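Coordinates in review
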Amino acid sequence: MRSKSRFIGAVEIGTAKVAVLIGEMVRDGTVNLIGFGECQSHGVIKGLVTDFKSASDATHSALLIAEQNAGVKIDEVYLAQSGGHLEGFYNQAAASVNAADNTVSQLDVDTVCRLAKAKALPEGRTVVHHIRRPFQLDGKMVGPNPEHLHGQRLEVGYWTVHGSESVIANSIHVIRGFNVLVGDMILSSLASGTMMTTPQDRQHGALVIDIGAGTTDYVLYRDGGPSVTGSIPVGGSHLTNDLTLGLRVTEGQAEKLKIRHGRALTMTRDKSEKVWLNGDFAIGDRQFSRRAIELITEARVRELFEVVKKKLSAELVPEHCAAGVFLTGGTSKLPAITDAATKVFGIPTVLGEMPPGMDDKLNRPQHSTVLGLLHFGLQNRASGGAAGRQRSRGLLQKLFTGS
Amino acid sequence: MSAPPDDLPKTRSWRDIPQEIAPRRMSTVGRRRLTMGAVRTLATVVALGAIGWGGFEIWRTLKNDPQRLAAMSDSRPLEEIKLTTDGVLDDAWLRRTMDLDPSDGLMELDIFALRSKLTASGQVRQAVLVREFPATLKVLLEERSPVVRLKARLGGPDARTFLVAHDGTVYDGEGYETMLVRSMPWLGGVRLIREGEGFQPLPGMEQLTDLIATARNGVPRRYATWRVVSMERMSSDGQIVVQTTEVPEIIFGVREDFYSQIARMDLILAETKRRTAAPVRSIDLSVGAAQVPVALHQPPGNLPDISFPR
């Protein structure tokens, strides 16, 4: 029944596009995808809002299209967060079990969690996610809830992701300009990682790399949950930029060449093999060396994977990444990109696939983040996460937000 | 062990960032949503007040003069229907669509059912029906404006002409001047999806409407030659392809301002006509302002040297 539903808008404000997906969350915990809107992005560079008005116009257009498509008004937004301003660190804490019979109580769990999360951040930084790693009781890994187990020393670690407060505030205010509240903020990498991997993959260990236009987000799963996340301000638009400079063409022409002839691994041996820009013999049509295009794109893709590998450093061990590397995002459509990733990481790489039964319109790698936002948000809510703990809004607030 | 000390450093979460925003910082859409929320609140308060007051009046009338209430509920048969519209629909269409029984009293009319009948036509965006006592029904219509036309089969073997509004609604146009319909270009390269008795709204029409409005206002003489606009490459390449009586293919990019693209097209067509007799086969305005590939109906080896000022 509609009156018992909430309409959640999953919003990704990317460098190339703004995507909005509306999900109808019903009381039984399921989500129905009912509307989608997409718009060319403006005023966003490398995942950061640099022109508030342009970014707002583009985002609000996408929100409006999605609302018209769904025929409903959005109640709240789950916002994807990406960009080079995001950083992460690991902090671990331990506490002795309080009870005389060494039974772990909820107070012990809360205490050790609070200790592990309590680390001061530099001025101007704010926490986006606290990602908890598995509990350890007397040095042995235990489940997500160690309450009532017996032991003496309880340990837990958190991977804390923090970002620039001003950058995050800008993206929140872009959404608030549409007069709708941001209900949850989710890392792009966690969103797309949730869509691309199964619980079994995450248990065996998997690395998910989401290569967007302006940023590349990655998440490393171990022991069933996210272990390390990161975001680097390099993406598909840098490939275009390299072609623009290397071949002395306009950005539009470079984009065309990248899509039609770019490859992540050079295949062409013949230096004299040429490709046409348009192929219609029109004025302005030119020829370019196919090998040169492939060399340029290969170099940038290899560099991108090298940066990810360097950022993960000791965390990325092939034995702990048995499920392999999963690639997603718009740039993952580049031919031979899985081979390039396999070459750099030394781990089998595949293109991430959406769960079966997905609508054709959404079954594309560039939409994995918005789909994952709803999926992750729903999981978070079900597990009593941040979204689920929100104070319910009053009648007046609901009326004024137009929901 | 005891609870952790209270002097643990406080980590600031993104949830601590205030989400309040001044209305002046909101976009037009945001402000409209805020206003609608306020109006809804006011309307709720007024409606509750009216219900309360009405209930009190009925109670008072029942208590003091019950005969008066019975007399008030008798309404006269409908005598007049007043139509106000911002479009082209007329009284004949209204009467045909509403299909009223002349003996119906004003109070017997099911306003919601009548409104559904009116809005079932895609041409009507909004319909407001007001009872004006003693015997008049006032109908206010807000109509959609057509942007392009298309041919499709719906419920029969023959293809029919439909009109498409700027919000993507596909509908049977009624009451429009034949000249107006003929002046609209045909729409191609779209996939129509059946929904009920009609079609689902077409996505991406806002950008196409923007292009057509820019062309119609900026270069009306050129726009008059537009025959087909195709959205086939819109989602994949971000291109709108226009076929005119002069040029078989003009490609517009949706990523750049249409005004400058239209201006470039006009300049190229004028300059080409001035410098060469060869007709233009294709103009690609989607690759940016620096270079515009132009193809002429002439062998490649015999091209005139044409360069246009930027």
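Residues numbered from 1 in each chain as written. Chains lettered and ligands numbered in written order. Predicted model: local features only at pLDDT ≥ 70, side-chain atom pairs only at ≥ 80, totals over all residues. Heavy atoms only, no water.

**Focus on the overall build of chain B**
For clarity, the cut-off: A run of H or I in DSSP counts as a helix once it spans at least four residues, and a run of E counts as a strand once it spans at least two, with each numbered from the N terminus. Exposure classes here rest on a 1.4 Å probe applied to the protein chains alone. A residue is buried below 20% of its type maximum, exposed above 50%, and partly exposed in between. Areas reported as accessible are Shrake-Rupley estimates using a 1.4 Å probe. Residue values count occlusion only from the protein chains shown.
A tally of regular secondary structure across chain B gives nine helices and 14 strands. The 310 residues of chain B split such that 37% are buried. Carbon and sulfur atoms make up 54% of the accessible area of chain B, which amounts to about 18,100 Å² in all.

**Some details on the interface of chain A and chain B**
Formally: The criterion used for residue contact is that any of the two residues' heavy atoms lie within 4.5 Å. Reported buried area values correspond to the accessible surface (1.4 Å probe) lost by two parts on association, with both partners' losses combined. For this document, the term salt bridge refers to a Lys or Arg side-chain nitrogen within 4 Å of an Asp or Glu carboxyl oxygen. Nitrogen and oxygen atoms within 3.5 Å of one another constitute a polar contact, given that in protein one can donate a hydrogen and the other can accept it, and given that sequence-neighbouring residues count only through two side-chain atoms. Three categories are distinguished: nonpolar for Ala, Val, Leu, Ile, Met, Phe, Trp, Tyr, Cys and Pro, charged for Asp, Glu, Lys and Arg, and polar for the others, with Gly belonging to the last.
Of the residues lining the interface, 61 residues belong to chain A; the matching set on chain B comes to 42 residues. Taking both partners together, chain A and chain B bury about 4,500 Å²; carbon and sulfur atoms supply 56% of that area. Our enumeration of links across chain A and chain B arrives at four salt bridges. B:Asp284 is the salt-bridge partner of A:Lys256, the closest N and O atoms lying 3.3 Å from each other. Here chain A is connected to chain B by 18 residue pairs in polar contact (both at pLDDT 80 or more). Within the residue set of the side of chain A that touches chain B, elements represented by two or more residues are α1 (52-70), β7 (87-96), α2 (106-117), β8 (125-132), α3 (165-176), β12 (181-187), α7 (251-261) and α11 (395-400) of chain A. With six residues, the single largest contributor to the side of chain A that touches chain B is α3(A). By residue class, the composition of the side of chain A that touches chain B is 27 nonpolar, 22 polar and 12 charged.

**Describing the packing of helix α3 (residues 91-98) of chain B against helix α4 (residues 111-119) of chain B**
All names here are of chain B. As a reminder of what qualifies: Axes here mean lines fitted to C-alpha atoms, for a helix over just the part in contact, with angles spanning 0 to 180 degrees between N-to-C directions. Each angle is binned into one of four classes, with values under 35 degrees roughly parallel, values over 145 roughly antiparallel, values of 65 to 115 roughly perpendicular, and all other values oblique. Here is the rule for handedness: rotate from the far helix to the near one, and if that takes an anticlockwise turn smaller than a right angle the crossing is left-handed, while a clockwise turn gives right-handed.
It is at 9 Å that the axes of α3 and α4 come closest, and there the two elements cross at 120°. Compared by their axis directions, α3 and α4 come out oblique. Of the two possible hands of crossing, α3 and α4 adopt the one that is right-handed. Contact with α3, carried on its side by Trp93, Leu94, Thr97 and Met98, involves Leu114, Lys117 and Leu118 of α4 and no other residues of that element.

**Section: the packing of helix α6 (residues 205-218) of chain B against helix α9 (residues 258-275) of chain B**
All names here are of chain B. Where α6 meets α9, the closest approach of the two axes is 9 Å, and the angle between their N-to-C directions is 45°. One finds that α6 runs oblique with respect to α9. The way α6 lies across α9 gives a crossing that is right-handed. On α9, the residues touching Gln207, Asp210, Leu211, Thr214 and Ala215 of α6 are Phe258, Tyr259 and Ile262. Along the lines of polarity and charge, the residues of the contact of α6 with α9 split into five nonpolar, two polar and one charged.

**Considering the environment of A:Glu273**
All names here are of chain A. Following the sequence through the fold, Glu273 ends up in the loop between α7 and β16 (274-276). What makes Glu273 partly exposed here is its relative accessible area of 31%. In this structure the C-alpha to C-alpha distance between Glu273 and Arg291, which are 18 residues apart in sequence, comes to 7.3 Å. Here Arg290 takes part through its side chain, which lies 2.8 Å from a polar atom of the side chain of Glu273.

**As for the sheet that holds strand β6 (residues 76-81) of chain A**
Residue and element names in this part refer to chain A. Threshold: Each pair of strands is called paired provided DSSP finds at least two bridges between the two strands.
Within the open sheet, the five strands sit side by side as β3-β2-β1-β6-β12. Their pairing is mixed. In this open sheet, the two edge strands, each paired with only one partner strand, are β3 (31-40) and β12. Geometrically, the sheet is characterised by an average inter-axis angle of 20° between neighbouring strands, direction not taken into account. Against the sheet, α3 touches β1 (6-13), β6 and β12, its axis set at about 150° to β6.

**Notes on the side chain of B:Gln123**
For B:Gln123, the position within the fold is in the loop between α4 and β2 (124-132). Non-local contacts of B:Gln123, meaning those with residues more than four positions away in its chain, are made with B:Val88, B:Leu89, B:Glu142, B:Glu143, B:Arg144, B:Tyr171, B:Asp172, B:Gly173, B:Glu174 and B:Tyr176.

**Topic: the pattern of salt bridges**
Residue and element names in this part refer to chain A. For the structure shown, the criterion picks out 26 salt bridges over all chains. The residue Asp57 makes a salt bridge to Lys53 at a minimum N-O spacing of 3.1 Å. Here the residue Asp57 and the residue Lys53 both occupy positions in helix α1, the gap between them amounting to four residues, near one helical turn. Asp57 sits in the partly exposed class, given a relative accessible area of 36%. Classification of Lys53 as exposed rests on a relative accessible area of 58%. Through salt bridges with shared partners, a single ionic network connects Asp242, Arg300 and Glu303.

**Comments concerning the confidence of the model for chain B**
Residue and element names in this part refer to chain B. Just so we agree on the cut-off: What pLDDT expresses is the predictor's confidence in each residue, scored from 0 to 100.
Overall, the prediction assigns chain B a mean pLDDT of 85, with 91% of residues at 70 or greater. Ranking the elements of chain B by mean pLDDT puts helix α2 (residues 66-72) last with 64 and strand β10 (residues 226-230) first with 94. Across the predicted assembly, pTM comes out at 0.60 and ipTM at 0.78.

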